[in-house]
Each structure stands twice: as structure tokens, then as C-alpha cells.
Amino acid sequence: MRRSLLCVLELFWLSTLFYGNAEEFGGKATLTAVNRTLPAGGSLTLTCDVNESADLKYEWFRQTSSEKKSIITDKSDRVISVSEGGNYTCRAEGKNVTVIESDSVTVQETVRNRIEVKLQHSWSQIFTGETITLRCEIQGGEGKVWKYEWTAPNTNSPPTSSEYRISRVSVSHSGDYRCRGSSDYLLTGWSAAFRLTVSSSKPRATLTAHSSVIPAGGSVKLSCSVEGSAGWKFDWFRRDSEFSGAQKIGAGTSERTISISEGGIYYCRGGRGDPVFSTEDSAAVTIQKQVLAAVNLQHSWSQIFTGDTITLRCEIQGGEGKVWKYEWTAPNTNSPPTSSEYRISRVSVSHSGDYRCRGSSDYLFTGWSDAFRLTVSSSKPRATLTPQRSIIPAGGSVTLSCSVEGSAGWKFDWFRRDSVSSKAQLMRENEANRVISVSQGGLYHCRGGRGDPVYYTEDSTPVTIYKQVLAAVKLQHSWSQIFTGDTITLRCEIQGGEGKVWKYEWTAPNTNSPPTSSEYRISRVSVSHSGDYRCRGSSDYLLTGWSDAFRLTVSSSKPRATLTAQSSVIPAGGSVTLSCSVEGSAGWKFDWFRRDSVSSQIQLIRENEANRVISVSQGGLYHCRGGRGDPVYYTEDSTPITIYKQVWAVVKLQHSWSQIFTGETITLRCEIQGGEGAQWTYEWRAAKLNTPPTSNEYRIIRATESDSGGYSCRGRRDYFFSEWSDIITLTVLYKPRPVLTVSPSWLSPGASVTLNCEVEHPSAGWSFYWYKAVPDLSQKSSSYELLPDGNRTANNSYIIHGQTHTAGYVCRAGRGDPEYHTDHSQPKFVWSADVHSEASLTVSPDRVQHFTSDSVSLTCEGNFTEWRVRKFSEDGRLYSDCRRMTGSTCNINTSKSDTAVYWCESGSGEFSSAVNITVQNKYYGPVLMSPVHPVTEGMSVSLSCTEKTKTQRTLSSVFFYHNDELIQNDTRGELKISAVSKSDEGFYKCQYSGRESAQSWMSVKVAVLSPESSSFPVWLILGLVCGISFLIILLLSLYRYRKMKDSNGNKQIRPYSSGTTTDQGANQSEIHEHNSLQHDADEIHDVTYSVIELKNVGNKRKHHKSQEEHTIYSEVKAGATGIVTSLFLACSFMSASQLPS
């Protein structure tokens, strides 16, 4: 206790020693200011008060929005003077005393910046409805963010921004406007008052014009103004007629003056601001435009004649598109027109004088035009016709000129008479050209016309013009050479004299009476007619001189035609050109002749052909001749020319077979395109160096490999030949062996078996033969029996229905005529696991799977003495005999190669059921103990798993799988199925310690009813069936037998045999289907089957044995005795099948 007290005292002493000078708390400072607004350029006093009276030191602090709080280092008194705005605080401290900082005091600094209210637009006068903007401008306040205050009339909520906007100002907005601003701790004073005066009346624009008349080609200035105010832009409007609407011609122009050059009613208005405030429209000002008028004659005629129709026009320059009112001053009239045209029909001398006009339209007007002096002549003018000359030279023309002296504007009509007795014809009318060129003789005159209606002059004096034309003697046919016997015609042709009636004269040798017509015809001309021929003619205003002489020369010899050929050979598919000519003369047409063989007659192939060239595509002996004139004069026949035609030869194989095999008979044909129906001689080039045939077929019987190679041919007859054909290459292959496939390989009840036969080298044209393999133990092979309907089927598939036992099949193919056969295919087997009474195979030990080196016995059982065991291995090889055969037992010391399908074949051709044997290749792998033969439905089965040990013990804790699905996994070593059903069929395997056995198939067959289940009603039914059937069949058979005997006598019956190659079933496209129970290969055609179905209708107490339907076939032959015997045997067999065993 004493020690604790001493400790406390010691601590107290120490604390007094160290903390004897501890500070005292002095409260909070108070900051006061006499005025919180600094005058511009002045200062104010701040006082810091504390409760303590001790000696204290004061600290002052200032803060602005742009500066952090900082101490005022040069101020330490309780009272200080400040000249800057800001937030101020103070505090004090002394010895052992500390005073808390005071609350802040805000001091605002009045600035000397000039502040002013300004109107945005420098408008001296404001009108009601305008939109104005006042701005508060602080000079020197740039870069600051200011808050604004406004004082304004007629508002309680002035804006706080720098702009004061008034939309649609009214008189109530008149008054003084002031503003001030503050920024941070700065404050301006109120601005000077801005006096706003708003006028209550809307202003009207004033439009003034420098002149009310626009002089012709000039302009006038218009000025628009708004009195006593500024800032206006102007819109200008114009109406171009009293009834039209005003069109804006200028919008928002800053210029108050525009220059115009069109008359109209003008007004203007001002507008300013945004949105625009518009003044009232100005008063309208009418401006008239002065234009020039002139009187013009419509036609530029220098002289006007009495009777002319003239039109004067008042044309106003620059008045286009206007509706004008016209005034005219004219001599000799009291009612001048008011339109732009002054028309005088059939003018007279009294219309001579001065004509003036003027016009007005809306805001346009003209003065009186200058005078137009019109002078009218009293006499009617006459046209004058002047020819270049009076004779038109042959082939030429003459120029005629028509004129009306001393005047212009005429168009001319031209007239002509083409004979003395004819009337004048108007040949050209209203021709603007006064000069024309004429190339026809005749009597010509002209006249002038102008105006509308036309005013005509007097007709001119007629002028006679003669036309000179040329006469020429021409031969009717343009033949360069004339032969004795020709008939010729000379013609006197007058160029340009068509349609006239001429008079002709001729001069000719060897005559005293030349014709007076235009033609000079000489029939069967002779040498004496040779010489010069001339003619001439005359008609009205036409005349000719004597024509130039036509020299006629007549040859005394008869000409021969010449035939030339482009080529003597017509290429295959082409043609040859033949030309026929008669040398030194023309005008011929040609006849063409051909002989198509040496012994045939000449045929006319073309007659009177104008073309001397023809194209021929057929060989033959050709000649030609020429003919001309009427009657026809013929030349001598040309020398004949032989033309050969080349055709194509093609070697084709008779059958479209892509492959040829050794032993086949093939036929090659030489086909000549375009040579149909002709007798040809053929040549062949063949692969073998033998003597080829001369016919169109090359036949190879029993082809060999040496027949492989190229074959080509060619042909020739009369005027035809072919080149060697393209080579066709034959490749002869070894004799093919077809491949037979069987589906399925293992039989199931009711399934069909499909056989497919494929030839090794696919080619066309095959027919197929189908055989059953019959074991032949003596030859260690099999013989083949043709299946029913298995002879020459067109389809390579064959279906067998109802096959129940193991069987082997073979196929082969054949084609051609004589038929070529392939080798037989390797035999293929379809296996049945079902055991039957005729032959069976037992396995010892009785299981599917075996270990390597196991001793396995395969025993053939049945009523036969000779047996062999056959084996079909995993690699697809067929073994025909057992290596260790003792009697009917085959002993095997198993190896992996012994995994196969096994079956027995008897010496009489029977097959046993087939079994699968699987040899376990893995030394440590287990095997599944499963039955080798199918299990009857309802029986019990045990499956187990064993290993390769000395004792081959049965394993326990085994997994059993059915179709790869785990079905048992426990300590039991066996899988027991008490009553097997069809659903238990499938693949089984076992697994032990991670090692699996191979899979084995367990087949389940339907149970056959035992004979004990039959009952008495069945016997009754059988008796009735047999009795009735016996009677019916006996009667029918007797009738049929009687009929056959009467008609055919004894019918020959031919059995099937393995060597038969009949044509039955050939060319059938469907798959041949056949029931294997119907008949074997050695059965006869005429067989009747009686089908009796037996169903067990007896006691069904033994439910584990399923019922089975039996169909029994009884063969009934054609003879009556055979029918009775067979039916009796059938009924006896059915009865025996129902007897208890």
C-alpha cells in the first residue's frame, strides 16, 4: 500500500516538472468590419476580438475563388486595413493561450471599370413591334465571369446575363435601363441610365423616282427611305400591268437606291432586326417606258403596181410580248386600223402617200414613227423570158431567165408545150429563182407573181427550144462474137427520146429495103450480113443526126463449150466447182449433164443456167454445152470430165462392248458415210498378217490376244472412193471370271437370299446363268445344277425364297452369237445353323470358343457313308477337305487360323448345318462357354467363362454382356437363362479381371410341336381333306389326261440338267424369284403340287413349345396312276406325321 502511494506521488512530480508551462484554451476569435464593400481605390478596417486580455499575437488570413487560403504575413495587429476583396479570417495566440480561428467575413471590392448599357443596333428610333437587344458592357472586365443585375421599367424579373432582349417591343418598354456586374469579390457600380424611347406608330417607307418616264434605251433611279431611323434593308416590288400581281424584284438589299429599265408600278418597304420588322409599304409610283415605233413594208418591193396586195407593219422595238394599242395616219382613209398591220388589198394610185404609226401598252408608249412614203405605179408589168440559146445539145441543157423590169419580190411560174398541138403545161410554180435549166425541147413562156393573194404580171413572149438527142445502133444481146445461124436484133436507141413517136431511117449492107422501125431483126444470120449499120430519128421539138456505125462481124464456125474443174476429187463432206465457158463470146446459158456410173445413161442435171459455174457434191462423168438466143442456138458439147467423190469410212464394232475377251466372236463393220445403197469393194488393214476380207464385215471367231491391235478399212466404187478410216484398236483380255456375292450369309427364318453376279471388267451385253453347287466327293469339288429360271437372265441379280439349309451357289455370264461364256464364279455359300435330320455337324467340346492348341472334333452325322468337312476361313478362303479325317470325324488341334465357318457335305450331295468356331488368340484371355447350335425356344441355357489353365476352371465374379450391354455383374460364375426366348438371341461375351472374351452369337429357334399334342379332331379333318381332295384331283386329272392324249399323244418331258443352255427366261428385266422347295435341277416341267397346311389345334398345355405350321408338297404327275399314288402317299405322310412316336 505504501509502495503504491509513493508511485503516484513520483508520477505527479514528474508531470509537474515536464508540463508546468501548459497552454490554456482562449475561446474563439470574432472578426468585425465597419463596412464590407471597399470603395474604388479605398480601404476598410477589420477588427479581431478575443476574450483574453493577455499579450496576444494575431494572424490574418485571406482567400479568393482563384487563390487558396493564405496568411497575410505583414498583418499581426488586432485591427488591420485592407484594400482587396476576399474572404477574411483571423486568430490569436499568446503564451499558454490559443484562440480558435474566427468565422469568415466577405469583403467586396468596388472596381473602377466603366460599365455602360448599349443598344445592339445603332438605331436612332425604335418602333412598336421590333425586337431589340440591350447589352451591359464592362470595360476592363475581360476574362472574368460576371453576374449581372438590371434595373428596367415595366418588369419584375430582369435577366442576369449580359444581354437584355425584348421581343416585339411596345411603348410600355420606354424608360431608363441600368446594369452592374459582380465577379468573385469584385463589384461594379450601376451604369449610367440608357433612355429607351419606343414610337407607337409603325413607320412607312417613302419611294421617290428621279423621273416618271424611262427614255428609249435608258433607265430611271428609284430611292427608298424610312424617315428619322436607320439600319434598314429594302424589298422592291413591281407590277407590269394594272391587273397583274406584284413581283418582288429585289429582297433585303442594303442599298436604298436601284436603277430600273422597265416600266411598271413600283413600291418598296424597309425591314430590320431578327426576326425582321417591316415598315408599311411605300406609296406606289408609276414609271412609263418610252420605245421607238417604225412603219415597214412587209415585202421589200422597190416598186408597187396597181392591183398588188401590200401590208405595212408598225414595229415597236423592245415591245415584244406586250399587248399594244396602235394608231395610224394614212392618206385617203378616215378609219385607219388599230392593229399592228395596215393591209391594202388591190392597191391603187390613190393609196400613194405617207404612213405613220404609234403605240401604247400598260406602262410603255411610243411617239409617232417616221413617215413611210408609198408610191403606186398605174401600169401592169410584163415578164420577159430570155433563153441562153435555142438548141439544147445532146445530153446538155439550156438556161432560161424570167424577169420583171424595175421591181422585186417576184416568184415565177414556168409553162411549156411539148408539141405544136398540145396545150401549155405548168411545169414549175411559184419558183423563187428567176433562172431555170431545161433539157427538153418545147415552146416555153413565164410570168411573175407576188403578194397574198398573188398578183400576176402579163405572160412573157413564148420562146421555141429544140433538143438535139443522140441515136445509137446496139445489138440486143451483148455478144462479143456472132456465129452463123444466130438470130440477132439491132436496135436504134435514141437517148432522151423516151415516150415520143419517132420516125426512123436505116443504112445497112446487103439490103434494099431497110425497116422504118426502131428494130432491125436478122433470122439465121450469115457471113453476108457482116458490115456497118447506122440509124437516125425525128419527133416534134427533138432531132438526131446519123448514129455512129455499128460494125457486125459473123463467124462461119460453130463454137464448142469448154468445161474446167476446180479439182477432180470431191473431198469428204465437201464439193467441187465446175466452170463452163464459150471462148471469145458472151450471152450464153448452160446445160449440165452427168453419168453416175460407167454403164448408166447421161442425165440432164441443170438446164438453161445463167451462171456458168456450179458446185457439185457427187462423183460422175460431167459435160456441158452453151445456148443463146430465141430460138436457142447451141454450141458443141464440151469434152467430158471425170469427178471422183471422196467419202468417209468408219470401222465400228457390231456390239457396243468396251471389253473383248479371249474366245469371243466379234464382228467389225466398215461403214461408208454417204455411200448407202451402192456396191462397194472393201480393203482392210488388220492386226494379224492374214488375208483380210473384201466385204464390209471383218469377223473374228474365237478371238485371241494376237487379235489385239488396230483395224482400218476403205472402199471404192465407180466414181466414189474413201481414204483409210481412222484406226479402231481392239484389246483382247483373258477370259473373265464373274464375282458372286450372297446376301445374307447366314439364314434366318423366312428371309430371302439375293445373289449378285458381277463381271470383273464391266462391259455391256451380258446375260447371266445361276447354279446350285452340288458336292462331288469323288472329284473333291462340286458339280453345278442350273437353278429354276436361272438360264440367261438379263438382270445380274437372282432371289431365292424359302431357303432353310446350308447351300452353295455359282454364276457365270454369256453374250454374243454364238454365245461366249465366262468362267464359273467361285462358289459362295449361305449357311444355316439349324440342325436337320438328313445331315448334321456336332462339335466336341460343344461350344463356339476354344483356346489355342485345344483338341476339337467335328463329326458329320446322317444316313450317308461318305463325308467331307468344309471350312470358310476369316480371310475368305475355302478349304475343301480336313487334314485329319477319321471316318466321319475331323480332328483339329486349334490355332488362330482355325477360326472359321464349318459344315459337312455328304457323298450324295447333302449339306449339314453350319457352325462358327472361334479360337482365342490371346493366351491370357478368357473364353465364353456358349452352345454351338441354335437353342430351342423355352429351353434353359447356361453361359460361363473359363481361362486357359491346367484344369480350365470356371471363373466367378464375371461380367456378362448381351449385345455389348452389361446384363450380369455379381459373384456368380454362370449366366443362366431358364426359358430362352427370341429376345435372348444376339452376341454374348464375358469379362474377367479386365480381360474380355471374343463375342459369340447365340441363335434361338422356334420350338416345334410334339406329336403328342395332336388330338382326334385333327384325324377327322385330315380324313375329310384327303377324301375330298382325292376325288376332285382324280376327276380333274382324268379329264386332263384324256384331253392331252387326244390332242398330242404321249408328251415328251425334258428334265433340267446342269449342262442345259436353253433360252428360257432370256431378256427378262425383272429379278427372278424362286421357291427352293418347288423343284430341283433334275425335276420335270409338268408337275402339279398339292399344298396342304397342317396346324396344331390340339392341347396347348406345353406352352414352352411353340406351334409350327407345316406345308407339305406332294408331287402329282400327269398320269392317272401317278395322281392316285401321289395323293395316297401325301395323305399317308400327313397321317404318319401326326402319329405318336
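Residues numbered from 1 in each chain as written. Predicted model: local features only at pLDDT ≥ 70, side-chain atom pairs only at ≥ 80, totals over all residues. Heavy atoms only, no water.

Trainee: Just to check I follow, could you spell out the state of the cysteines for this structure?
Mentor: Disulfide: a covalent bond formed between the sulfur atoms of two cysteine residues. Counted by the stated rule, this structure contains twelve disulfides. Between the sulfur atoms of C224 and its disulfide mate C268 the distance is 1.9 Å. Handedness of the C224-C268 disulfide follows from its S-S torsion of about 85°: it is right-handed. Taken together, the residues span a long stretch of sequence, with C224 in strand β22 (residues 220–225) and C268 in strand β26 (residues 264–272) at a distance of 44 residues. (Disulfide = S-S within 2.5 Å. Helix = DSSP H or I, 4+ residues; strand = E, 2+ residues; numbered from the N terminus.)

Trainee: Explain the pairing of strand β94 (residues 965–969) here, please?
Mentor: Looking down a regular strand, the side chains alternate between one sheet face and the other. Where strand β93 (residues 959–962) lies against β94, four bridges are found, and the strand directions are antiparallel. Looking across to β94, one finds that Y961 is bridged to L966. Between the antiparallel neighbours β93 and β94 lie two residues, among them N963 with a positive phi of about 55°. (Pairing = 2+ DSSP bridges.)

Trainee: Got a minute to help me understand the sheet that holds strand β85 (residues 878–879) in this structure?
Mentor: In any sheet, the strands associate via hydrogen bonds between backbone groups, in a parallel or an antiparallel arrangement. Taken in spatial order, the five strands of this open sheet run β82-β89-β88-β84-β85, and their pairing is mixed. Looking at strand neighbours, the two that pair on one side only are β82 (849–851) and β85, the edges of this open sheet.

Trainee: Explanation requested: the pattern of salt bridges in the structure shown.
Mentor: When charged atoms on two side chains of opposite charge get close, those side chains can pair. Here the structure, examined in full by the defined rule, presents 46 salt bridges. E341 is the salt-bridge partner of R313, the closest N and O atoms lying 2.9 Å from each other. One end of the pair, R313, is in strand β31 (residues 310–316); the other, E341, is in strand β33 (residues 341–344), with 28 residues separating them in the sequence. Residue R313 is classed as partly exposed on the basis of its relative accessible area, which comes to 29%. For E341, a relative accessible area of 34% gives the class partly exposed. A single network of salt bridges, built from pairs that share partners, joins R114, E116, K118 and E137. (Salt bridge = Lys/Arg side-chain N within 4 Å of Asp/Glu carboxyl O. Buried < 20%, exposed > 50% of the residue type's maximum accessible area, 1.4 Å probe, protein only.)

Trainee: Got a minute to help me understand a nonpolar patch on the surface in this structure?
Mentor: Residues I391, Y466 and L543 make up a contiguous nonpolar surface patch of about 260 Å² in total accessible area. Residue placement: L543 occurs in strand β53 (residues 542–543). On the basis of relative accessibility, which here comes to 39%, the residue L543 falls in the partly exposed class. (Patch = residues over 30% accessible without salt bridge, like charges linked within 9 Å, V, L, I, M, F, W, Y side chains within 5 Å. Areas by Shrake-Rupley, 256 points an atom, 1.4 Å probe, with all protein chains shown as cover.)

Trainee: Explain the environment of A839 to me, please; I cannot follow it from the model alone.
Mentor: Counting through the fold element by element, A839 comes out in strand β81 (residues 839–844). A839 gets classed as buried once you look at its relative accessible area, which sits at 0%. Each C-alpha atom of the pair A839 and N863 lies 7.5 Å from the other, and the pair is 24 residues apart in sequence.

Trainee: Explanation requested: unusual backbone geometry in the structure shown.
Mentor: For residues that are not glycine, phi is negative in most cases, and the peptide bond is trans in most cases. Omega for the bond connecting D274 with P275 falls within 30 degrees of zero, at 5°, which places this linkage in the cis form. In this fold, P275 is placed in the loop between β26 and β27 (277–278). With an omega of 0°, the peptide bond between S743 and P744 qualifies as cis. One can find P744 in the loop between β73 (739–743) and β74 (753–758). At R792, a position not held by glycine, the phi torsion is positive, near 55°. Checked against the element boundaries, R792 lands in the loop between β76 (781–786) and β77 (797–801).

Trainee: Explain the confidence of the model for the protein chain here, please?
Mentor: For residues with low pLDDT, the predicted coordinates do not support detailed interpretation. Chain-level pLDDT for the protein chain is 82 on average; 85% of the residues reach the 70-or-more range. Confidence over residues 1011–1019 falls short of pLDDT 50; this stretch has 15 contacts with residues more than four positions distant or in other chains. The model gives residues 1043–1141 a pLDDT under 50, and that stretch makes 170 contacts with residues more than four places away or in other chains. (pLDDT = per-residue confidence, 0-100. Contact = heavy atoms within 4.5 Å.)

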